[in-house]
Amino acid sequence: MHLEGTAPPDLIRRLAERNGMPVPEGVFATPERFAYTDFLDFLKTYDLAASVIRTGEDYRDVTYEYLASCAREGAIYVELTASPDHAALVGLSDAEHLDGIARGIDAARDEFGIEARILISCVRNFGVERALRVARHAAERPHPYVVGFSMAGDEENFPAGDYAEAFEIAAAAGLGCTVHAGEWAGAHSVRDALGLPVTRIAHGVRAIEDPALVGELAERAIVLECCPTSNVVLGVFGSFEEHPLPRLREAGVRITLGSDDPPYFGASIGGEYAVCRERFGFDDEVLRELTGTAIEAAFCDDTLKNHLIRSPQAKV
């Protein structure tokens, strides 16, 4: 999930008030719903809402409140996708940004027992130079909670291959790598992503359009981070019945679940498990398989993985 995208309308209003600023015009369709018409309009609304998250304390609260909601649904581990570029746009330093997130993780662990780590993300549509800056900073200034590198944004108009150097820098520093692909762009974007040093792909579901590519994903044990509710709400697929997650799993592709940007889509991590049970017919054994895959594919260290495996919620 994208950290700024976890803040619901009420929290966005509270943060704006605390920072003495109005919520930008056009963010809300109703007091409880964000306004957007399509994917690119969603990205615009996301950036406007994120602009009120301005301090380390704001990031602490966003992190803590999301992890608390996950813990209440029984989640034991979350990898938060954090964007230094969004923090920089409001004048926040990388150190302040990460410190706020880390304090939110610590507070949630202390209260709920949930664990979390951070994926540092560049944004395609902010350009290659910014991506290189984000990757170099993550590589040169390691943080104990930063375990991975990712890339989000407009995948159709900004090909993954243009950002290969940023991924090579991150991978050489020992960070796990994942990338958004196969959401709004088709199977070709997934194939392009496989040219990067990644072990996971965020979304990736449009790989279903290319059977040979599906076979390659299975053969290479690439893990797809699937967000079915987001895909249906944004119109990537017309319904849950059309969503290819079950077919990808049947073809041997490894699958995990994510909530993407929960309040924008009416999603939650518990809700995604419910979708798999109620819409896809997955039983407890299959749901445990998804959880097991998530732990195995996580970018955290083996000590934490072993702790998670022993958790009663995991049962793997």
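Owing to the predicted nature of the structure, the values given are computational and were not obtained by experimental measurement. (Residues numbered from 1 in each chain as written. Predicted model: local features only at pLDDT ≥ 70, side-chain atom pairs only at ≥ 80, totals over all residues. Heavy atoms only, no water.)

Examining the nonpolar core
The biggest cluster of nonpolar side chains holds 97 residues, and the ones touching the most others in it are Leu80, Phe149 and Ile201. The greatest single-element share of this core, amounting to 7 residues, is contributed by helix H3 (residues 56-72). Residues contacting Ile201, with those up to four places away along its chain left out, are Thr178, Val179, Ala181, Val190, Ala193, Leu194, Leu217, Ile222, Val223, Leu224 and Glu225. The next biggest cluster of nonpolar side chains, apart from the first, holds 11 residues, and it includes Ile76, Tyr77, Leu119 and Leu308. (Core = buried A, V, L, I, M, F, W, Y, C linked by side-chain atoms within 4.5 Å. Buried < 20%, exposed > 50% of the residue type's maximum accessible area, 1.4 Å probe, protein only. Helix = DSSP H or I, 4+ residues; strand = E, 2+ residues; numbered from the N terminus. Contact = heavy atoms within 4.5 Å.)

Describing helix H2 (residues 39-50)
Over its 12 residues, H2 extends 16 Å from the first C-alpha to the last, a length consistent with the 16 Å expected when each residue adds 1.5 Å. Within the sequence span of H2, burial applies to Phe39, Phe42, Leu43, Thr45, Tyr46, Ala49 and Ala50. Along the long axis of H2, the arc covered by the buried residues comes to 165 degrees, so they all point the same way. Within H2, the exposed residues directed more than 90 degrees away from the buried face are Leu40 and Lys44. Tucked inside the fold, the buried residues of H2 contact helix H1 (9-18), strand S2 (33-34), helix H4 (84-89) and helix H12 (262-265). (Expected span 1.5 Å × (residues − 1). Arc of directions from axis to C-beta.)

Details of the pairing of strand S3 (residues 77-82)
The buried count for S3 comes to 6 of 6 residues, which makes it a mostly enclosed element. One ladder, built from 6 bridges, connects S3 with strand S4 (residues 115-123); its direction is parallel. Bridge pairing in S4 places Thr81 opposite Leu119. (Pairing = 2+ DSSP bridges.)

Focus on the pattern of salt bridges
Applying the stated criterion across every chain, the model contains 24 salt bridges. For Arg191, the salt bridge goes to Asp210, with nearest N and O atoms at 3.4 Å. Of this pair, Arg191 sits in helix H8 (residues 187-193) while Asp210 sits in the loop between strand S7 (200-203) and helix H9 (211-219); the two residues are 19 residues apart in sequence, bridging distant segments of the chain. Look at Arg191 and you get partly exposed, because its relative accessible area is 36%. Overall, the relative accessible area of 23% leaves Asp210 in the partly exposed class. Each of Arg18, Asp58, Arg60 and Asp61 takes part in salt bridges that share partners, so that together they form one network. (Salt bridge = Lys/Arg side-chain N within 4 Å of Asp/Glu carboxyl O.)

Some details on the sheet that holds strand S9 (residues 254-257)
The 7 strands are arranged S3-S4-S5-S6-S7-S8-S9 in an open sheet whose pairing can be described as parallel. Edge positions in the sheet fall to S3 and S9, since each has one partner strand and no second. Along the sheet, successive strands turn relative to each other by an average axial angle of 30 degrees, direction set aside. Relative to S7, strand S6 (residues 176-181) is paired through 4 bridges, and the arrangement is parallel. Paired with His180 across the bridge in S7 is Ala202. The sheet strands contacting helix H14 (residues 284-297) are S7, strand S8 (223-226) and S9, and the helix crosses S9 at an angle near 95 degrees. (Axes fitted to C-alpha atoms, helices over the stretch in contact; angles between N-to-C directions.)

Here we look at helix H13 (residues 269-278)
Taken together, the buried positions of H13 are Ile269, Glu272, Val275 and Cys276. The buried residues of H13 occupy an angular sector of 105 degrees when projected down its axis, which confines them to one face. Looking at the buried positions of H13, the neighbouring elements they touch are H3, helix H10 (228-233), helix H11 (245-250), S9 and H14.

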